[in-house]
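An overview of the molecular structure
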Amino acid sequence: MDDVPPDLAGHPDRLRWNAKYGDAPALTAVHPLAERALALGLPAGGVLDLASGPSGSALHAAGSGRAVTAVDVSEIALDRLGAEASRQGLGSLITLVQADLGAWQPDTSGYALVLCTGFWDRSVFGRAVQAVLDGGALAWEAFTEDARRDRPHLPAEWCLAAGEPASLLPRGFTVLHQEDVPGAGKRRFLARRAG
């Protein structure tokens, strides 16, 4: 990323994630939710990867021919993703967006898949749900309240409450999969919008 948006220059999340990604491996693995969702036979359309980090899932989706919009607050993560996409010849399929998800708005034309595998905010989830195309999928993984037993510093608002995110879905969505990952304090969730 050439220029950090002025509103993110001193943003604490940007600073924290840049520090984390500074020593991390180049890419994260393809997330099982991404693989499962992309195997559903989704409608034509792109993939939105929220809080993407250096996402192996974004590359996997682009490798299947889908346009991907990867949104993250960390330019280090996005630079790594962009470099690997270019190396694999997928750079034209991946749009990198540096933004604070709390303020960012998805494209109103919608996406065949909205994916988020490491972030929770109810308002962001609400906007993500609206961005799913008819017949498209929503795949999410986030910490649950149980995670706070082992990580008491974890803010409650960053954790799924009992029944979430399924309880927050509007009519027209069907839950295809939901599980609490043993020992991880995380919940995986996959839903589909009626076509």
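Residues numbered from 1 in each chain as written. Predicted model: local features only at pLDDT ≥ 70, side-chain atom pairs only at ≥ 80, totals over all residues. Heavy atoms only, no water.

Considered for burial, the residues of helix α5 (residues 122-130) that qualify are Val124, Phe125, Arg127, Ala128 and Val129. The elements touched by buried residues of α5 are β1 (47-50), β4 (111-116), β5 (132-143), β6 (173-181) and β7 (186-193). (Buried < 20%, exposed > 50% of the residue type's maximum accessible area, 1.4 Å probe, protein only. Helix = DSSP H or I, 4+ residues; strand = E, 2+ residues; numbered from the N terminus. Contact = heavy atoms within 4.5 Å.)

Between helix α1 (residues 12-22) and helix α4 (residues 75-87), the least distance of the axes is 7 Å, while the angle of their chain directions is 45°. Relative to α4, α1 is oriented oblique. In this structure, α1 uses Arg14, Asn18, Tyr21 and Gly22 to contact α4, whose residues at the interface are Glu75, Ile76, Ala77 and Arg80. Taken together, the residues of the contact of α1 with α4 sort by class into three nonpolar, two polar and three charged. (Axes fitted to C-alpha atoms, helices over the stretch in contact; angles between N-to-C directions. Parallel < 35°, antiparallel > 145°, perpendicular 65-115°, else oblique. Nonpolar A, V, L, I, M, F, W, Y, C, P; charged D, E, K, R; others polar.)

With that settled, consider the nonpolar core. Core analysis: the biggest nonpolar cluster contains 24 residues, and Leu50, Trp104, Val114, Phe125, Leu138, Trp140 and Leu169 have the highest contact counts within it. Counting residues per element, the ones that place at least two in this core are β1, β4, α5, β5 and β7. Excluding residues within four positions of it along the chain, phenylalanine 125 makes contact with Trp120, Leu138, Trp140, Pro165, Leu168, Leu169 and Phe189. In this structure, Leu33, Val47, Val68 and Ala137 belong to the second largest nonpolar core, which totals 23 residues. (Core = buried A, V, L, I, M, F, W, Y, C linked by side-chain atoms within 4.5 Å.)

Our focus in this paragraph is the packing of aromatic side chains. Think of a pair of aromatic rings as described by two things: how far the centres are apart, and how the planes are tilted against each other in angle. With the rule as written, the count across this model stands at four aromatic pairs. With 5.2 Å between their ring centres and 50° between their planes, tryptophan 120 and phenylalanine 125 make a pair best called tilted. A single burial state applies to tryptophan 120 and to phenylalanine 125, both of which are buried. Aromatic side chains tryptophan 120 and tryptophan 140 sit 5.8 Å apart centroid to centroid with 85° between the ring planes, which places their arrangement in the edge-to-face category. Here tryptophan 140 lies in strand β5 and tryptophan 120 lies in the loop between β4 and α5, a separation of 20 residues in the sequence. Residue class for tryptophan 120 comes out buried when judged on its relative accessible area of 3%. What links up through ring pairs into an aromatic cluster is the set Trp120, Phe125 and Trp140. Lying over the aromatic face of phenylalanine 143, lysine 186 brings its terminal NZ or CZ to 5.1 Å of the ring centre. (Phe/Tyr/Trp six-rings, centres within 6.5 Å; stacked < 30°, edge-to-face > 60°. Lys NZ or Arg CZ within 6 Å of the ring centre and 35° of its normal.)

Limitation: the analysis is restricted to geometry and does not speak to function.
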